[in-house]
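# Notes for the structure review
The residues making up each chain are set out below.
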Amino acid sequence: QVQMVESGGGLVQAGGSLRLSCAASGRTFSNYAMGWFRQAPGKEREFVAAISWNGLSITLADSAKGRFAISRDNAKIAVYLQMNSLKPEDTATYYCAASSLGGSPEQSPYWYGYWGQGTQVTVSS
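Residues numbered from 1 in each chain as written. Predicted model: local features only at pLDDT ≥ 70, side-chain atom pairs only at ≥ 80, totals over all residues. Heavy atoms only, no water.

## Quick notes on the overall build of the chain
The helix and strand inventory of the chain stands at 0 helices and 11 strands. Ordered by position from the N terminus, the helices and strands of the chain form the series β-β-β-β-β-β-β-β-β-β-β. Against the 2.2 N^0.38 benchmark of 14 Å for 125 residues, the chain shows a C-alpha radius of gyration of 13 Å, consistent with a compact globule. Taken over the C-alpha atoms alone, the chain extends approximately 40 × 25 × 25 Å along its principal axes. Residues classed as buried in the chain amount to 43% of the 125 residues present. A fraction of 58% describes how many contacts in the chain between residues 6 or more apart in sequence connect residues 24 or more apart. (Helix = DSSP H or I, 4+ residues; strand = E, 2+ residues; numbered from the N terminus. Rg over C-alpha atoms; globule rule 2.2 N^0.38 Å. Buried < 20%, exposed > 50% of the residue type's maximum accessible area, 1.4 Å probe, protein only. Contact = heavy atoms within 4.5 Å.)

Structure representation (structure tokens):
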């Protein structure tokens, strides 16, 4: 069983940065792939970034490339999303997710079996 709690969201001006954290609990966290998704009002949940259990495989959405970075610290049982050069269109609730499935992390939300409650990110223009 894995439980996750996101933090680090907030209000930031366009061009600014935020670092989201996801604290996980569970003995097997180090074996889980982790991902970040976001959902804006009236829109579907959207893939942002994912990282394999060992950190060797990273996938970023096109919208995140060059601006966002995902990392994890298995010793601290945490995964992070560093977001730079934020834009108003990045405004959304951001969720971390975990998957016990093997292989490279997927972009589909259905691949992930565990989800946090979300943290709000608002980027003002």
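## Describing the sheet that holds strand β1 (residues 3-7)
Overall, antiparallel pairing links the 4 strands, which are arranged β1-β3-β8-β7 in an open sheet. At either margin of the open sheet sits one strand with a lone partner, and together these are β1 and β7 (68-73). Averaged over all adjacent pairs, the angle separating strand axes in this sheet is 15°, with direction ignored. (Pairing = 2+ DSSP bridges. Axes fitted to C-alpha atoms, helices over the stretch in contact; angles between N-to-C directions.)

## Concerning the side chain of Glu 6
Here Glu 6 lies in strand β1. Lacking a salt bridge, the buried Glu 6 has Arg 45 as its closest oppositely charged neighbour, with an N-O distance of 7.6 Å. Here the side chain of Glu 6 touches Gly 118 through a polar contact of 2.8 Å, landing on its backbone nitrogen. In this view, Glu 6 contacts Ser 21, Cys 22, Trp 36, Tyr 94, Tyr 95, Cys 96, Gly 116, Gln 117, Gly 118 and Thr 119; residues no more than four positions away in its chain are not counted. (Lys, Arg positive; Asp, Glu negative; His and termini not counted. Salt bridge = Lys/Arg side-chain N within 4 Å of Asp/Glu carboxyl O. Polar contact = N/O pair within 3.5 Å; in protein donor to acceptor, adjacent residues only side chain to side chain.)

## Structural notes on the pattern of salt bridges
Evaluation of the coordinates by the stated rule reveals 4 salt bridges. For the salt bridge of Arg 38 with Glu 46, the shortest nitrogen-to-oxygen distance reads 2.8 Å. Given a relative accessible area of 6%, Arg 38 falls into the buried group. Judged by relative accessible area, which is 35%, Glu 46 ranks as partly exposed. Across the salt bridge formed by Arg 67 and Asp 90, the nearest N and O atoms sit 2.7 Å from each other. Of this pair, Arg 67 sits in the loop between β6 (58-60) and β7 while Asp 90 sits in the loop between β8 (78-83) and β9 (92-99), and the two are 23 residues apart along the sequence. The exposure class of Arg 67 is buried, given its relative accessible area of 12%. For Asp 90, a relative accessible area of 1% corresponds to the buried category. The network of salt bridges with common partners includes Arg 38, Glu 46, Arg 67 and Asp 90.

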